Amino acid sequence: MFRALIVLLLSVFIASTSFAQDATAPAPDRSATGGAQTLEDILARQRGEEIDDSFRRDATGDPDSAAGMAEQLGTLGGASDPELWRALRYNSADITSSSRGPAATVLVQDGGMRWLEFRQGPLIKYGGYLLLGTIALLALFFLIRGRIRIDGEKTGRTIERFKSVERFGHWMLAGSFILLGITGLVSLMGRKFLIPVFGHDSFALLATWSKWVHNNVSWAFMIALVMIFVMWVVHNLPDRTDLNWLAKGGGIFTKGHPPAKKFNAGQKLIFWSVIVLGTSISVSGLALLFPFEINLFSATFAKLNSLGISGALGLGELPTALAPHEEMQLSQLWHAIVSFVLMAIILAHIYIGSVGMEGAYAAMGSGEVEEQWAREHHSLWVDEVKAKEGTAPEGATPAE
Ligand code: HEM
């Protein structure tokens, strides 16, 4: 599932950032310009079409044909000024720089504009639609289904569901994720939506604060992610009860409750989404936190190419020689896209853990749940707890 998700997300933004080029388009006649770009090239670019720019990319002069020093114009070397700028732009110039670091010799980064446009445009638009759409669906679900009530008579007795260390881990994860979500959205969307409302000065303060919080709170999220994984993974391994639970749709729209252990199949899906997507967000976040130190994409693209996945998806050969900035840009897009997906999932989780279901919040509030709630939603778990305590199960466990 993880690989399928990677492939899906990759194909979305790779297709959007137009890495793949249309190799079948016939090369235009550029004889009138001596091989330089034509008006048609410029117009095509302005229309946003992808053109094969190898005629420019490769036209960076020929040092071997430089006129000798003593000859007329000899000191100009074998490349004209435009050819030199082109070599800088396409990162093929032989540059020596006094500053050090992986990106020091990249003076012009050609792909940056495509990344910026994607980040300011489709990323904000579709990410925003995803979150607003999820909220609208949850509101609709609430209107149709209402709050999921405890069906049976309450017993007045409670069962311990989560120990304090588990609740601490959960709230550290939840608190940090919510802060990261808000500050991340401020960083991504603030320029567009907040500057017009608050003005540049106030937004500058908010953006600085958001960045600081985002960078530092990320550690709490990563620590909590590890805690939650260690404490709950055993209860989230798939088993046969999950198939039955899923087949009955969790009993959400039907009468009766399918039996479940400590976590039902729906919760297991939430758990694994949090672990897998949360880890992916953390790794890409670390790549952003330590610029140019962690390169994730050239290696991933090489794998996708060699496994034939990129070909099967019609993406052709994915580029494996990425400029350091390109690695960062891809990390940023990946970080944001996966975060949007996880935020949408978590909105649904927050709904069901609070207003959506009577008796659920107590599990993470006090750690104690009403026994009747536990019997309805986690009957097999109640049996286990009672068996451990040596108490015979009270009444029949809903077996349906
Ligand atoms: C205000 C926000 C939140 C509320 C009210 C809330 C509530 C709850 C509750 C009541 C449970 C226990 C369910 C049970 O007893 O079976 C739970 C479990 C869990 N929560 Fe949250 N939660 C919130 C935010 C988050 C966030 C932001 C994350 C992760 C980023 C998260 C991750 C989990 C996970 C992985 C579980 C275990 C699996 C599950 O029950 O779905 N929660 N939450």
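Residues numbered from 1 in each chain as written. Predicted model: local features only at pLDDT ≥ 70, side-chain atom pairs only at ≥ 80, totals over all residues.

- By the naming in an unreviewed UniProt entry, the chain is Formate dehydrogenase subunit gamma, taken from Sulfitobacter sediminilitoris.
- Within the UniProt record for the chain, the comment given under Sequence similarities (unreviewed entry) is "Belongs to the formate dehydrogenase gamma subunit family."
- Per UniProt, the chain carries the Cofactor (unreviewed entry) text "heme". (UniProt positions renumbered as here; feature names shortened; annotations may be inferred.)

## Regarding the overall build of the chain
Link 1 in the chain: Counting its secondary structure elements, the chain contains 15 helices and 2 strands.
Link 2 in the chain: The buried share of the chain, taken over its 400 residues, is 22%.
Link 3 in the chain: Long-range pairs, those at least 24 residues apart, make up 66% of the contacts in the chain with a sequence separation of at least 6. (Helix = DSSP H or I, 4+ residues; strand = E, 2+ residues; numbered from the N terminus. Buried ≥ 20, exposed ≤ 12 C-beta atoms within 10 Å, placed from the backbone. Contact = placed C-beta atoms within 7 Å.)

## A word on the site of the ligand
Link 1 in the chain: The environment of the ligand is formed by 21 residues, the closest being Ala174, Gln267, Ile270, Gly353 and Ala363.
Link 2 in the chain: At the level of secondary structure, the elements contributing two or more residues to the shell around the ligand comprise α6 (164-193), α9 (265-289), α12 (324-353) and α13 (361-365).
Link 3 in the chain: Considering each element in turn, the shell around the ligand owes the most residues, 5 residues, to α6.
Link 4 in the chain: Grouping the amino acids of the shell around the ligand by side-chain chemistry returns 15 nonpolar, 5 polar and 1 charged. (Near = placed C-beta within 6 Å. Nonpolar A, V, L, I, M, F, W, Y, C, P; charged D, E, K, R; others polar.)

## With respect to the packing of α6 against helix α7 (residues 195-232)
Link 1 in the chain: Interhelical geometry of α6 versus α7 gives an angle of 150° and a closest axis separation of 6 Å. With respect to their mutual orientation, α6 and α7 come out roughly antiparallel. For the element pair α6 and α7, the recorded crossing hand is left-handed.
Link 2 in the chain: Class assignment for the residues of the contact of α6 with α7 results in 19 nonpolar, 10 polar and 3 charged. (Axes fitted to C-alpha atoms, helices over the stretch in contact; angles between N-to-C directions. Parallel < 35°, antiparallel > 145°, perpendicular 65-115°, else oblique. Left-handed = near helix turned anticlockwise from the far one by under 90°.)

## A word on helix α15 (residues 379-389)
Link 1 in the chain: Looking at α15, one finds that the buried residues are Ser379, Trp381 and Val382. The arc that holds the buried residues of α15, viewed along the axis, is 160°, so those residues lie on one side. In this structure, α15 carries Ala387 and Lys388 as exposed residues pointing more than 90 degrees from its buried face.
Link 2 in the chain: With its phi angle positive at about 80°, Gly390 sits one or two positions after the end of α15. (Arc of directions from axis to C-beta.)

## Section: α7
Link 1 in the chain: Taking 1.5 Å of rise per residue, 38 residues should cover 56 Å, yet α7 covers just 42 Å from first to last C-alpha, more than 12% shy of that figure.
Link 2 in the chain: The largest bend in α7 comes to about 80°, at Asp201.
Link 3 in the chain: Here α7 has its buried residues at Ser210, His214, Ser218, Phe221, Ala224, Leu225, Ile228 and Trp232.
Link 4 in the chain: At its buried positions, α7 is contacted by α6 and α9. (Expected span 1.5 Å × (residues − 1). Bend = angle between axes of the 7 residues up to and from the residue.)

## Concerning the UniProt feature "transmembrane region" (unreviewed entry) in the chain
Link 1 in the chain: As recorded in UniProt, the sites labelled "transmembrane region" (unreviewed entry) are residues 126-148, 168-189, 217-234, 269-290 and 333-352.
Link 2 in the chain: Here residues 126-148 runs as 87% helix and 0% strand, with 31 Å between its end C-alpha atoms.
Link 3 in the chain: Taken end to end, residues 333-352 is 100% helix and 0% strand, and its first and last C-alpha atoms sit 29 Å apart.

## Some points on the nonpolar core
Link 1 in the chain: Leu173, Phe221, Leu333, Ala336, Ile337, Val338 and Leu342 are the most contacted members of the largest nonpolar core, which has 29 residues in total.
Link 2 in the chain: Counting residues per element, the ones that place at least two in this core are α6, α7, α9, α10 (297-306) and α12.
Link 3 in the chain: With 10 residues, the single largest contributor to this core is α12.
Link 4 in the chain: When neighbours within four sequence positions are excluded, Phe221 is seen to be in contact with Leu173, Ser176, Phe177 and Leu180.
Link 5 in the chain: Membership of the second largest hydrophobic core comes to 8 residues, among which are Phe162, Trp373, Ala374 and Trp381. (Core = buried A, V, L, I, M, F, W, Y, C linked by C-beta atoms within 7 Å.)

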